[in-house]
Amino acid sequence: MGDVLIYIYAAVLTMPIPVLFMFYFIYRKIYRHKWKAIHKTTNLATFLFILSVDLLARVLFDQSFFGYILLLLLLILAGAVIIQYRLHEEVVFKRAWKGFWRFNSLLFGVLYIGLSLYGLTGKLLTL
């Protein structure tokens, strides 16, 4: 049973985009609302892309960057709180978290695509 879970975990982290399409269609059936399904899928995508970027960086560079990723996440959250304070002079943590999470979805999605392309071109050039 443990081996099956490990294989599922590995498949999800190495191929997050097909998994996200699958979850989008599941959420679309559950909520019957396109935008709610997109938002739920984006929330899941952020988590998957963060883990996938760590996995890709570990495979490509033979080093774990998880600590650096956590530090980056904390700095981005601090930035979101500071920006919200400067704009509204009041910090609503739920609002800051939402902006933080959406920004991370975009950032780690781009990082995932960039690392994937870097790995593919590196392998193609060494052939």
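See the structure shown above.
Residues numbered from 1 in each chain as written. Predicted model: local features only at pLDDT ≥ 70, side-chain atom pairs only at ≥ 80, totals over all residues. Heavy atoms only, no water.

## With respect to a nonpolar patch on the surface
Next up, step 1: On the surface, a cluster of nonpolar side chains totalling about 370 Å² of accessible area is made up of Met22, Ile26, Ile30 and Tyr31.
Next up, step 2: The topology assignment puts methionine 22 in helix H2 (residues 16-31).
Next up, step 3: The class for methionine 22 is partly exposed, based on a relative accessible area of 46%. (Patch = residues over 30% accessible without salt bridge, like charges linked within 9 Å, V, L, I, M, F, W, Y side chains within 5 Å. Areas by Shrake-Rupley, 256 points an atom, 1.4 Å probe, with all protein chains shown as cover. Salt bridge = Lys/Arg side-chain N within 4 Å of Asp/Glu carboxyl O. Helix = DSSP H or I, 4+ residues; strand = E, 2+ residues; numbered from the N terminus. Buried < 20%, exposed > 50% of the residue type's maximum accessible area, 1.4 Å probe, protein only.)

## What to know about the pattern of salt bridges
Next up, step 1: With the rule as written, the count across this model stands at one salt bridge.
Next up, step 2: Across the salt bridge formed by arginine 58 and aspartate 54, the nearest N and O atoms sit 3.1 Å from each other. Placement of both arginine 58 and aspartate 54 in helix H3 (residues 34-61) is noted, with a separation of four residues, approximately one turn of the helix.
Next up, step 3: Residue aspartate 54 is classed as buried on the basis of its relative accessible area of 7%.

## So, the side chain of serine 52
Next up, step 1: Relative to the helices and strands, serine 52 is located in helix H3.
Next up, step 2: On the basis of relative accessibility, which here comes to 0%, the residue serine 52 falls in the buried class.
Next up, step 3: In this structure serine 52 touches Leu13, Pro16 and Tyr112, once residues within four positions along its chain are discounted. (Contact = heavy atoms within 4.5 Å.)

## Re the packing of aromatic side chains
Next up, step 1: Taken as a whole and judged by the stated rule, the model has 11 aromatic pairs.
Next up, step 2: An angle of 40° between the planes, with centres 6.1 Å apart, marks the rings of phenylalanine 23 and tyrosine 27 as tilted. With phenylalanine 23 and tyrosine 27 both in helix H2 and four residues apart, the pair spans about one turn of that helix.
Next up, step 3: The class for tyrosine 27 is buried, based on a relative accessible area of 19%.
Next up, step 4: Considering the side-chain rings of phenylalanine 61 and phenylalanine 65, the 6.0 Å spacing of their centres and the 85° angle between planes classify their relative orientation as edge-to-face.
Next up, step 5: Here phenylalanine 61 falls in the partly exposed class, since its relative accessible area comes to 37%. (Phe/Tyr/Trp six-rings, centres within 6.5 Å; stacked < 30°, edge-to-face > 60°.)

## Comments concerning the packing of H2 against H3
Next up, step 1: Running from amino to carboxyl end, H2 crosses H3 at an angle of 150°, the nearest separation of the two axes being 8 Å. When the interaxial angle is binned, H2 and H3 end up roughly antiparallel. Considering only the axes of H2 and H3, their crossing is right-handed. The residues of H3 that touch H2, namely those facing Pro16, Ile17, Val19, Leu20, Phe23, Tyr24, Tyr27, Arg28 and Tyr31, are Lys34, Lys36, Ala37, Ile38, Lys40, Thr41, Leu44, Ala45, Leu48, Phe49 and Ser52.
Next up, step 2: Here the residues of the contact of H2 with H3 sort into 14 nonpolar, two polar and four charged. (Axes fitted to C-alpha atoms, helices over the stretch in contact; angles between N-to-C directions. Parallel < 35°, antiparallel > 145°, perpendicular 65-115°, else oblique. Left-handed = near helix turned anticlockwise from the far one by under 90°. Nonpolar A, V, L, I, M, F, W, Y, C, P; charged D, E, K, R; others polar.)

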